[in-house]
Amino acid sequence: MARKPKPEKVDVCIIGAGASGGTAAKVLTESGVNVVALERGPYRKKESFGGDELANVNRYNLWPDPILNPRTYRGSNDEEPREELFCPVPQMVGGGTVHWQGWLPRFTENDFRLKTVAGEVPGTTLVDWPISYEDLEPYYTKVEWAFGVSGQAGANKYESPRSKGYPTPPMPTTNYARKFHEGCNELGYDSFPTPMAALSEPYNGRPATALSAFAQQHGDPTGTRSSALSVWVPQALVTGRYDLRPDCYVHEITTDEHGRAKSAIYQDADGDFIEQEAAVFMLGCGAVESARLLLLSRSGRFPNGLANGSDLVGRNATFHEYSAAVGVFDDPIHAWAGGGYVAASSFEFYEHDDSRGFVGGSHIAAAGVGIPLPINWSLPDRPAWGAEAKRMDREYYDHSFAVGMVLHDMPQHDNRVELDDTVEDAWGLPVARITLNPHENDLAMGRWVIDRNAEILDAAGATKTYRVYPERVTGNCSHQHSTTRMGDDPDTSVLNRYCQAHEVDNLFVVDGGPFPTATGANPTLTIMANAWRVAEHVVRQRGSGRATTTAGKGA
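As the structure is a prediction and not an experimental result, all values here were calculated from the model.

**Q** Please clarify how the layout of surface pockets should be interpreted in this entry.
**A** As a volume, the second largest pocket reaches approximately 320 Å³. Surrounding the second largest pocket, 20 residues form its lining, R40, G41, P42, Q91 and W427 being those nearest its centre.

Here it is, written out as structure tokens:
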């Protein structure tokens, strides 16, 4: 068999074709930059998706197969790691946006300066971001209008200033969203339609989004939801400058004699190893896998991993934890109707308040009980089988909904992603080992917010409420951040404010890894806005002829 030829060197090589990599690819290619994208997973089309709940939710149709892609987890440095699929994200073209419900709230001004607002928190590495809400606001607007987001500007009274409204009105109100609003109104809390990655009416040549309960954890067979798969990737491909290579697993990034990133060594679908050179490399693999790839890229110049002279790659890892209060009602809720999690939100408990006894806050929203479908629906005290399980299914399935929260995980130096040299994946590479011990602040926040959520359900007329307090962080949101923090000081951060490695000036990270803190809101809108900002920076540097040679403070 003939050896495959080495491909030509390109302007930019993006590793990952999900929310962040897709955004960067769109911006770069539309600016005249030639891009190669190496995506570890397949390129699935909408025709391959469907409503098989067992396959999508309980098996691994969309999730990473833990036999092929294991991870290990431990609660502290003293514990023995155990194999656990901690914080998985779909690995395919489109990434996590393929299976998401698509809640897209903006962060607020104080998210970027929480240390200034709240002060030191013992035991944490809480810091302000090197950029502000004002720096990112133009890019929030660009993403919302290019991606297609439904929402109501001004409905969230705690939202920071915005320069433009949403391109389409909010999605239709569901029965349980109406109940949520009623409970909030009764208690005097502000609530608003959740900004969604969906179109409430035709927009920009696309039809309105088809509503279906088969949303969260399901691919979209209609292609009408907004996702990297349905929006960013097609827009990049139409430029003719986007060479998308699915089923290509990058093993390492090599460096040249000057310590700059030279090439990505990847294994294609045939199992052959290929070397792709590029002038610039951008990582959009998710905060866990981007850190892992940097740690795998060891050399004589970077013995602890690429851009890891500070030993900060993988440290300060943060994850969101989803938990909820659940209410049962006499009247039917029909939580299965109207599009699954399409719902309502509140930022009433989002901003920091000294009187609560903890730092930070959380976005809360109405949601289904587990998945709003028959197989995975449940209540906390429902037995797994038998006559009582059947009775509860009959009586409560159509009479329940939840008020969920996104737990703001405080950053800590020893919470980290490392390589576990004792466990290999199906390609023979060390897997990611997660060490994570939740801070007492996280658990106090979780208890307090869940109590408030239960009060909203009571005020909405619930006859019974369950309070599911988070006791540990399991990564059940798929939200992961902070493993390659951005900052102005190379001694305390991996990347500069443009997400450019302090130690490797042609290397950028554009997923959630650069986030210095997790915040209490869903991160993907901010990930995409930041990726857009970074991609424009790369285009400007390319145009100036500096070719990304300004790594370090003030770049």
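What follows picks up the thread again.
**Q** Help me understand the UniProt feature "domain: Glucose-methanol-choline oxidoreductase C-terminal" (unreviewed entry) in the chain, please; the structure alone is not making it clear to me.
**A** The UniProt feature table records "domain: Glucose-methanol-choline oxidoreductase C-terminal" (unreviewed entry) at residues 411–531. Note that residues 411–531 is 23% helix and 20% strand, and that its end C-alpha atoms are spaced 22 Å apart.

**Q** Would you mind showing me how to read the packing of aromatic side chains here?
**A** The geometry of two aromatic rings is summed up by the distance between their centres and the angle between their planes. All chains considered together, the criterion is met by 22 aromatic pairs. When the ring of W145 is compared with that of Y203, the centres are 6.2 Å apart and the planes differ by 70 degrees; the resulting orientation is edge-to-face. Placement of W145 in helix 4 (residues 133–148) and of Y203 in the loop between strand 5 (192–193) and helix 6 (228–237) is noted, with a sequence separation of 58 residues between them. The partly exposed category is assigned to W145, whose relative accessible area is 24%. The exposure class of Y203 is buried, given its relative accessible area of 17%. With 5.8 Å between their ring centres and 75 degrees between their planes, F192 and F347 make a pair best called edge-to-face. Of this pair, F192 sits in strand 5 while F347 sits in the loop between strand 12 (344–346) and strand 13 (364–367), and the two are 155 residues apart along the sequence. Each member of the pair, F192 as well as F347, carries the same accessibility label: buried. Through successive ring pairs, a cluster of aromatic residues spans F107, F112, W129, Y133, Y140 and F515. It is R40 that lies over the ring of Y249; its NZ or CZ is 4.2 Å from the centre. Sitting over the face of the ring of Y166, R162 holds its NZ or CZ atom 4.2 Å from the ring centroid.

**Q** Mind showing me how you'd approach the nonpolar core here?
**A** One recurring pattern in soluble globular proteins: nonpolar side chains tend to sit buried together. Among the nonpolar cores identified, the biggest contains 133 residues, and F147, M282 and L507 are the most heavily contacted of them. Take this core: its biggest share by element is nine residues, from helix 10 (residues 524–544). Residue contributions to this core reach at least three from each of two domains, namely domain 1 (1–138 + 228–318 + 412–438 + 481–548) and domain 2 (151–194 + 321–408 + 439–472). Beyond its immediate sequence surroundings of up to four residues, F147 is in contact with W100, L104, A197, R206, S226, S227, A228, V231, W232 and M528. The next biggest cluster of nonpolar side chains, apart from the first, holds nine residues, and it includes A324, V326, V328 and W377.

**Q** Explain the domain arrangement of the chain here, please?
**A** When the parts of a complex come together, some accessible area is lost, and that lost area is often taken as the interface size. Here the domain parsing of the chain yields domain 1 (1–138 + 228–318 + 412–438 + 481–548) and domain 2 (151–194 + 321–408 + 439–472). For domain 1 and domain 2, the distance between their C-alpha centroids amounts to 30 Å. Residue-level contacts link 35 residues of domain 1 with 33 residues of domain 2. Together, E53, W103 and P438 form the three largest contributors to the area buried by domain 1 at its contact with domain 2, with a combined 26%. The interface formed by domain 1 and domain 2 holds one salt bridge in total. With its nearest N and O atoms 2.9 Å apart, the salt bridge here joins E84 to R472. Our count for the contact surface shared by domain 1 and domain 2 stands at 15 residue pairs in polar contact (both at pLDDT 80 or more). Take the side of domain 1 that touches domain 2: its biggest share by element is four residues, from helix 2 (residues 53–58). In the side of domain 1 that touches domain 2, the residues fall into 16 nonpolar, twelve polar and seven charged.

**Q** What am I meant to see in the sheet that holds strand 11 (residues 321–328) here?
**A** Sheet strands pair by backbone hydrogen bonding; their relative direction is either parallel or antiparallel. One open sheet accounts for six strands, arranged 5-12-13-14-11-17; its pairing is antiparallel. Of all strands in the sheet, those with a lone pairing partner are strand 5 and strand 17 (464–467), marking the two edges. Looking at chain direction, strand 13 and strand 14 (residues 400–407) are connected through four bridges and run antiparallel. Its bridge partner lying in strand 14, I364 is registered against M405.

**Q** I tried to follow the sheet that holds strand 3 (residues 72–74) on my own but got confused; where do I start?
**A** Strand order in the open sheet formed by four strands is 4-3-16-15, and the pairing between neighbours is mixed. Two strands in the sheet have a free side with no partner beyond their single neighbour: strand 4 (82–83) and strand 15 (416–424). With six bridges joining them, strand 15 and strand 16 (residues 430–435) adopt antiparallel strand pairing. Its bridge partner being in strand 16, L419 is matched across the sheet by A432.

**Q** Would you mind going over empty space enclosed by the protein with me for this structure?
**A** Space left empty within the atom packing is revealed by a probe, the size of a water molecule, rolled over the atoms. In this structure the tally under the stated criterion is five cavities of 30 Å³ or more. Size it by volume and the largest cavity reaches roughly 110 Å³. If you trace the largest cavity, you find 14 residues lining it, with N156, E159, Y166, F192 and P195 closest to the centre. Here the residues of the lining of the largest cavity sort into eight nonpolar, four polar and two charged.

**Q** Sorry, what's going on with the pattern of salt bridges here?
**A** Note that side chains of opposite charge can pair when their charged atoms are close. Scanning the entire structure with this criterion turns up 35 salt bridges. Across the pair R106 and E137 runs a salt bridge, and its minimum N-O distance is 3.0 Å. Here the residue R106 occupies a position in the loop between strand 4 and helix 3 (114–118), and E137 occupies one in helix 4, the gap between them amounting to 31 residues. Side by side, R106 and E137 carry an identical accessibility label, which is buried. Bridged by salt links that share partners, the residues R74, D311, R315, D414, R416, E418 and R433 form one connected network.

**Q** Mind showing me how you'd approach the environment of G360 here?
**A** Within the fold, G360 resides in the loop between strand 12 and strand 13. Among the residues examined, G360 registers a relative accessible area of 4% and is labelled buried. For the pair G360 and Q480, spaced 120 residues apart in sequence, the C-alpha to C-alpha distance is 18 Å. Apart from the residues within four sequence positions on either side, G360 is in contact with Y350, E351, H352, H408 and M445.

About the criteria used
- Along each chain, numbering runs from 1 in the same order as the chain's sequence is written.
- Restriction of local features to residues with pLDDT of at least 70 applies here, the model being predicted, together with a cutoff of 80 or more for giving and counting side-chain atom pairs; totals for whole chains, interfaces and linings are based on all residues.
- Only hydrogens and water are set aside; all other atoms, that is, all heavy atoms of the structure, feed into the side-chain values.
- Cavity: a set of points on a 1 Å grid over the protein atoms alone where a 1.4 Å probe fits but cannot get out. Pocket: an open set with protein on both sides within 12 Å along at least five of seven lines, its lining residues, like those of a cavity, having an atom within 4 Å of a point.
- Grid points are joined across faces, edges and corners, and a volume is the space filled by probe spheres set on the points.
- UniProt positions are given in the numbering used here, feature names are shortened, and annotations may be inferred rather than shown by experiment.
- Helix numbering and strand numbering both begin at the N terminus, where a helix is a DSSP run of H or I of at least 4 residues and a strand a DSSP run of E of at least 2.
- Note on aromatic pairs: the rings of Phe, Tyr and Trp (six-membered ring only in Trp) are paired at centre separations within 6.5 Å, and the planes decide the class, stacked below 30 degrees, edge-to-face beyond 60, tilted for the rest.
- Each residue is assigned to one of three classes by its accessible area relative to the maximum for its type, calculated with a 1.4 Å probe on protein chains only: buried under 20%, partly exposed between the two thresholds, exposed over 50%.
- Geometrically, a charge over a ring is one whose NZ (Lys) or CZ (Arg) sits within 6 Å of the ring centre while staying within 35 degrees of the ring normal.
- The nonpolar core is taken to be a set of buried Ala, Val, Leu, Ile, Met, Phe, Trp, Tyr and Cys residues, with the residues joined through side-chain atoms within 4.5 Å.
- Residue ranges labeled as domains rest on an automatic or database domain assignment.
- Two residues qualify as a contact provided that any one of their heavy atoms is within 4.5 Å of a heavy atom in the partner residue.
- Each of two parts loses accessible area, computed with a 1.4 Å probe, when they are put together; buried area is these two losses added.
- Definition used for salt bridges: Asp or Glu carboxyl oxygen within 4 Å of a side-chain nitrogen of Lys or Arg.
- For the purposes of these results, a polar contact is taken to be a pair of N or O atoms within 3.5 Å, where, inside protein, one atom must be able to donate a hydrogen and its partner to accept one; residues adjacent in sequence count only when each atom of the pair is a side-chain atom.
- The residue classification treats Ala, Val, Leu, Ile, Met, Phe, Trp, Tyr, Cys and Pro as nonpolar and Asp, Glu, Lys and Arg as charged. All others, Gly included, are polar.
- Here, any two strands with at least 2 DSSP bridges between them count as paired.

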